[in-house]
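Descriptive structure summary
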Amino acid sequence: MAVAPAVDDGPPIIQSSERRIVIPTNILTGIALAAVGYWAGAQLGISFALNDAGNTEVLLGYTFASIMFLVGIGFANYPLARLFGWRVTPQPAGDDHDGPWRYLNLSLDHKVIGVQYLVAMLMAMLFGGIGAMLIRTSLLVPDPPIVAPDKYLTLVSMHSVMMIFVASAAIVGPFGNFFVPYMIGTNRMAFPRLEALSFWLVPPAIVILLAAPIFGGFQTGWTGYTPLSEQADQGFDSYIVGFTLIGLALVVSGVNMLTTIIQLRAPGMTWTRLPIFVWGVFSASILGTFAAPILAAALVMQGLDRTVNTTFFISSAGGSPYLWENLFWFFGHPEVYIFILPAFGIVLELIVHFSRKPLWGYRTAVVGLLGVTLLSWFVWQHHLFMSGIAPALRPFFMFSTEMISIPTGIVFLVAFGTMWRARISMTVPMLFSLGFLFNFLIGGLSGVFLSDVPSDTTLHGSYFSMAHFHFTIVGGEIFAIVAAIYYWFPKMTGRMLNQTWGKIHFWWMFIAFNLAFMPLFAAGLLDMPRRVSTYAVSLQTLNDWVSVWAFILFASMVLFAINIIWSWFFTFKVAPANPWQARSIEWMLPTPLGRRNFEKIPVFTGGPYDYGNPSAKPAADLGGPPDRGMGSLGAEPAPS
Amino acid sequence: MSRLDRTHALRLLVAWAVLSVVGVLIAMQVHLPPGDQSTQATDETSLLQLMLIISTPVFVGVVLFILYSVFAFRQTRGAALEDGPPSYGNFRLQVAWVAITAIIVLLLAVIGINGLTSSAAETNFASSQAALGTGGSATTSGHRLQVQVIGQQWWFTYRYPDFGGAESLHLMLPVNTNIEFHVTSTDVVHSFWAYELGVKADANPGVDNITYVSTVRTGAFTVRCAELCGIWHGHMADTNNAVVSQADFTTWIAQVQKDNSDLNLPPYSPIYFPHPPIKGD
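What counts, and where the lines are drawn
Residues numbered from 1 in each chain as written. Chains lettered and ligands numbered in written order. Predicted model: local features only at pLDDT ≥ 70, side-chain atom pairs only at ≥ 80, totals over all residues. Pairing = 2+ DSSP bridges. Helix = DSSP H or I, 4+ residues; strand = E, 2+ residues; numbered from the N terminus. Axes fitted to C-alpha atoms, helices over the stretch in contact; angles between N-to-C directions. Core = buried A, V, L, I, M, F, W, Y, C linked by C-beta atoms within 7 Å. Buried ≥ 20, exposed ≤ 12 C-beta atoms within 10 Å, placed from the backbone. Contact = placed C-beta atoms within 7 Å. Nonpolar A, V, L, I, M, F, W, Y, C, P; charged D, E, K, R; others polar. Domains from an automatic or database assignment.

**Things to note about the sheet that holds strand β10 (residues 237-244) of chain B**
Residues and elements named next belong to chain B.
- Strand order in the open sheet formed by five strands is β4-β10-β9-β6-β7, and the pairing between neighbours is mixed. Looking along the sheet, the strands with just one partner apiece sit at the ends: β4 (172-174) and β7 (199-203). Along the sheet, successive strands turn relative to each other by an average axial angle of 20 degrees, direction set aside.
- By the bridge criterion, five bridges tie strand β9 (residues 219-225) to β10 in an arrangement that is antiparallel.

**Overview of the nonpolar core**
- Residues V278(A), V347(A), L348(A), A365(A), A483(A) and A484(A) are the most contacted members of the largest nonpolar core, which totals 263 residues.
- When neighbours within four sequence positions are excluded, A365(A) is seen to be in contact with I276(A), L348(A), L359(A), I410(A), V411(A) and V414(A).

**A short note on the interface of chain A and chain B**
- In this assembly, 73 residues from chain A lie in contact with 71 residues from chain B.
- It is helix α15 (residues 405-419) of chain A that contributes the most residues to the side of chain A that touches chain B, nine residues altogether.
- Its residues assigned to classes, the side of chain A that touches chain B comprises 37 nonpolar, 25 polar and eleven charged.

**As for the sheet that holds strand β1 (residues 145-152) of chain B**
Residue and element names in this part refer to chain B.
- Ordered in space as β3-β2-β1-β5-β8, the five strands form an open sheet in which the pairing is mixed. Of all strands in the sheet, those bounded by a partner on one side alone are β3 (166-168) and β8 (209-214). Strand-to-strand, the axes of this sheet are offset by a mean angle of 25 degrees, without reference to chain direction.

**Examining the domain arrangement of chain B**
- Segmenting chain B into domains produces domain 1 (3-73 + 97-122) and domain 2 (130-263).
- The partner domain 2 of chain B presents 13 residues to the nine residues of domain 1 of chain B that form the contact.

**Notes on the environment of A484(A)**
Residues and elements named next belong to chain A.
- Among the secondary structure elements, A484 is positioned in helix α18 (residues 463-493).
- Taking the number of C-beta atoms within 10 Å as the measure of exposure, A484 has 28 and is therefore buried.
- With near-sequence residues (within four places) excluded, A484 lies in contact with I171, F175 and I346.

Below is the structure:
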């Protein structure tokens, strides 16, 4: 039975302070205070006069800058008002700023936050993509490298960390925040301030990461293994603070999503009617909530090692690099399922709507997603098969890793069952969803090669594993994100993306991606290790081929960006309310969407996927029961 | 299951069977690394081959299904959108699918665990656990030739405790010998990767990471570092290593011992910093 508690019985009204901290709070104040904060933090760090190679200065500078940025943008207003007893009044969420200016400032409206997230993630993807292009340029010649080795490794590290930011948040951030409240029938998230915080932690993280080259960059890759990280300059402090901010964003967003999905479902939105995309967000949020704190804690430990010599990870002083490896991967493996679980959700959701058949085996699909969620906690040591840690545990981790193919196989089965004898429309989102299935299949099968210790002995740390995770993350998750953008863009922005260019984009991206990344499996089998600035002369042809196709792949994303910018700002035709003729609730609402999601809290009367079922009711009754006020619905049992 | 279901399923099944057989035949011809220079390398090669063979029908099946569906189960072009049959699932099919994937997984796990434990049994290293550098000659039967591998930014040094700690910058190994590597590092984490021998082991500072290899064929091999270890990580590669005959090895190690005689090397030390690479390179 779904419960709609009292907080949900109206428009998104949030207690706000009438007074501000002396100065008006907006993004300009945020940037100014961030600069002041950096200066103050750095001065404080210098004043300690530690023998720390200047790390305290930079770490405190970044930390203070991030906190002051959040204060300047307005996060302190409400807590300060409560603290000092200023008057707080109910006020509609996100009304501090109007017009497009809303999107650049603190807003508590989940729709605004979704769009903010989408733009920020596309920007971050652009930065990471430029990094990838520079990497591939450098690898055009084997030796001497075009980019000097230290710069090259900084590029590799920044590309990887930036793309990890993107992969962690680019589904739950834009689409989770925007559509989960619609899909479960609520006007707001459970914790709108936390939702805004989960977004506003991201821009400082991106800026801090981009600042790394000012302090010499960092040459450690995204794994940041000690003792190598101890040798890195202050550039590594960007990794610590930037990654910690993203970790906090994951926790904050995870807690909020779980609470919202558990507590704020409208009447009739039973667990078995929950759209599969919401299940994907739900399972990823479980992982984000419980895995990201481990990352944040471990990063703080590295920061302490670098400043006050706590020696958690310094082997020469009794610490252990193994400790870092364990903590990092104990976070790191659930992390990769934070990437892919919502992508599974998107792909299954889209395959249903474009097959025009019910989701085949709904409960099995949910079991599959939750099964991956559970198993992902028990596999982290497969990243450490060669490390020398506990050889006796290798059979266990080998087995648990291979077990993950069972719930993953379920996702494929459900997709196939849904497509069986369906009426498939080959729209752009569907093309990308099918592209996901193909790419993720290769990613998954190559993962099995890596899961067995003897075969991993040859493949570990080589380009084979690099190709494997690019097939799962780029070919998998990024394809799902692009599918979601094509699918939901008309509802989010009120504009259709150009579908003809979308089809060209799909074939261009799909072919270029596979031709660029497939040969990397061969590079790994031919003993090319990852993260090398130079390689065997005999592999030059192969690497040049990869680089050229990587450039073509990048060009396809430029085409996509042009399509987004053109369709969003230069076509003035409002998209139809339901261009895909889909059944789910977000398409029952008008385009453009109103400031309030629902005038009355809807009552869900059917499943979102009841295609072809003549006795099925519409997914929801948007009018609500006529004879009742909205507030009393919470006490009613859900209609079945 | 309707007649139409059966027709589609039969077509798919036949196409899948034919293409899988073709695919498996091709997969069996693919030449995979790391080769046959050691028993470990042979095991890894055959395991990679086996996985390629097992994945082929899976790959063929999924791709075939996607292609078949988008052509056979297509919305009529130009007409109003039509819904498919409202099928919500088939419990028996779901159970069967899970059972089949579980069986494949169990099979893979059994093969993998069996490979692990048998190599562990083969490498029953009771003799060498006693102490490093106290054993007899490498040719004594049952004894493992011990080699300490020390990673440093940015090269590997190989030390032979059985030969008074003779050390070299290139790895020479006698053929038909069981070898026991003790991998460690003096600075950051490296990973000792003797590609053609099918050996990979991380070099951690302060850790003695033990791994084994049994050489079966003479020939050169490459050693690379497989863990990011700083700016010259990509240059930490050496192709001047070889598995040689017992006689050649004896001659070679005697020469190394002679060259090292003025250096006063310890036979074995877990915290030993090799000299800068000036000798023999």
